[in-house]
Amino acid sequence: MLPGLSSKKSSGCRLLSIAKRLNITHFSSGISHRLPQAYYLRRFHIYRKMSTEANFQQLFNKIDELKPRFIERLAKAIEIPAVSSDESLRPQVIKKAQFIAGELQKLGFSDIQMKELGAQPPPVADPNLPLPPVVLARYGSDPAKKTVLVYGHYDVQPAALEDGWATEPFKLIIDEEKQLMRARGASDDTGPLKGWLNVVEAHRELGLDLPVNLVTCFEGMEESGSIGLDGLIAEEAGKYFKEVDAVCISDNYWLGTKKPVLTYGLRGCNYFQITIEGPAADLHSGIFGGVISEPMIDLTKVFSSLVDSRGRILIDGVNEMVAPVTEKEKELYEKIDFTLDEMNAASGSQTCLYESKADILMHRWRYPSLSIHGLEGAFSAQGAKTVIPSKVVGKFSIRTVPDMDSAKLDKFVIDHCDKVFASLNSPNRCKTELIHDGNYWISDPFNASFTAAAKATKAVYGVEPDFTREGGSIPITLTFEKELKTSVMLLPMGRGDDGAHSINEKLDISNYMQGMKTMAAYLHYYAASKEK
Ligand SMILES: C[C@H](N)C(=O)N[C@@H](Cc1c[nH]cn1)C(=O)O
Ligand SMILES: [Zn+2]
Ligand SMILES: [Zn+2]
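Because the structure is a prediction, the values reported are computed rather than measured.

Grouped together as the largest cluster of nonpolar side chains are 129 residues, with contacts concentrated most on Val247, Tyr522 and Tyr526. Counting only domains with at least three residues in this core, you end up with domain 1 (11–25 + 72–266 + 440–528) and domain 2 (269–323 + 366–438). Contact partners of Tyr526, with chain neighbours within four places excluded, come to Lys146, Val148, Val212, Ala246, Ala448, Ser449 and Ala452.

Shown next as structure tokens:
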């Protein structure tokens, strides 16, 4: 029998006692009881019999043995520049979906469906731009087994050599000295997505039955707000996803660089753009400077009204929506393995706004933040071009937290920008709009799925994981929980210094290998658990 099998309290009881322990009052949903406990107990007994044959060491050895193949396959996927935010690269995003579907087919997945989501809604330059397909597939459909849905995204953030990358971003480079793989998507999220496929392959190579039925949901718009996926999940909840017992997402990172973590919370993200336009074309600043009203000057005024240099959001009503910190909650931060030095090492600077661990963690996990990302339409090359841009589009986003109301936030932001622009008395035109949004999420970190992942982490790394929240967002997480009425568990593969969204993104080879072993062990422990 697998180690660690023991009887559990009912999930409802556990949920309450854990909520009390952690002082969490924001569970986004509970655990489903669609089927009687007896049903799961029967499945547990069937699985327990099977699991006596399962041998982790054999599985882990096989994963190690297949390492060159797994790295080579990752390199092939990485080569496709699937940047979802770049409309001109949409064919590449679709090509990567097809590539992944082909791999699933070779691995024996069945019922592979490329779900089309229609055209991308505004704001978008091409009104007919197709959204990338969602890749659904099944591995096994044994009613005696639990079903785990694994979510990942095959799209990536933009990357270019001229941004400062040491090597070509869409070519997987192995740094032998540091034992890491460098490429856009290595850690976010092509590496982890491939991890699930590799886990299946290792089982197949061993002739070992997968302990659960696996369902994939791989999307190509995560980095652009998961547009269209909510609707698909709602539509498939009673169909393709009908039997799903748990959702596992491997699309975030350890907090630091040494200790594995399991993640039970995410911030949300509402992304906005401000368009300011005036002159009919870009103009000579010697001829028109000081005579006409400049959109770029207006934009900098609106931008500077949003947030101060200490990161404080200056928009009325926003901070008031944030849930207050409790004394009990403060204790949680002290137990987390993290230091200011790790924060500085990950940012490659000494620019942290806070000194204490608790302050850093709270501002990363449980307070909102506003970031100004950039703009379209302005001069950005080297040299000194004396131009007045005629139209500029500024981009900024707000990371949201409990108890912020997304619709209220949008209204506060748009009203604020309109008010500030009006106060400039500018003859230019200004429009602020939401590009996409995604909800924050917080869960019970001690349900059957988290417990199985904690055991898996211990089996692979020899340590108990820290339970963390994530400052980033995975917009679809709450939708899975609500629509499928299942728990969602975040099992990160990479480290906090992987440079996701940054230059020189990397995934340590050890994290890739150990991460796959953890995924495999998680499936076995979850299958063996009595609870759903
Ligand atoms: C954590 C995850 N790997 C990630 O990077 N998510 C993105 C998703 C996003 C994009 N726009 C809004 N949310 C992120 O947190 O930026
Ligand atoms: Zn990302
Ligand atoms: Zn991601």
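Having seen it, we continue.
All right, on to the UniProt feature "binding site: substrate" (unreviewed entry) in the chain then. The sites that carry the UniProt feature "binding site: substrate" (unreviewed entry) are, in the present numbering, Asp251, His284, Thr386, Arg399, Ser473 and His501. Look at the named residues: they lie 251 residues apart in sequence, and the longest C-alpha span between them is 46.7 Å, so in the fold they stay spread out. Within the secondary structure, Arg399 sits in strand E13 (residues 391–400). Classification of Arg399 by C-beta neighbours within 10 Å gives buried; the count is 21. Discounting residues that sit within four places of it in the chain, Arg399 has contacts with Arg267, Gly268, Cys269, Pro368, Ser369, Gly471 and Ser473. Position of Ser473 among the secondary structure elements: in the loop between strand E16 (466–470) and helix H15 (477–484). With 25 C-beta atoms counted inside 10 Å, the residue Ser473 sits in the buried group.

A few words on the site of ligand 1. Around ligand 1, a shell composed of 15 residues is seen, among which Asp188, Asp251, Cys269, Gly472 and Ser473 lie nearest. Grouping the amino acids of the shell around ligand 1 by side-chain chemistry returns 5 nonpolar, 5 polar and 5 charged.

Cut-off values and rules
- Residues numbered from 1 in each chain as written.
- Chains lettered and ligands numbered in written order.
- Predicted model: local features only at pLDDT ≥ 70, side-chain atom pairs only at ≥ 80, totals over all residues.
- Core = buried A, V, L, I, M, F, W, Y, C linked by C-beta atoms within 7 Å.
- Buried ≥ 20, exposed ≤ 12 C-beta atoms within 10 Å, placed from the backbone.
- Domains from an automatic or database assignment.
- Contact = placed C-beta atoms within 7 Å.
- UniProt positions renumbered as here; feature names shortened; annotations may be inferred.
- Helix = DSSP H or I, 4+ residues; strand = E, 2+ residues; numbered from the N terminus.
- Near = placed C-beta within 6 Å.
- Nonpolar A, V, L, I, M, F, W, Y, C, P; charged D, E, K, R; others polar.

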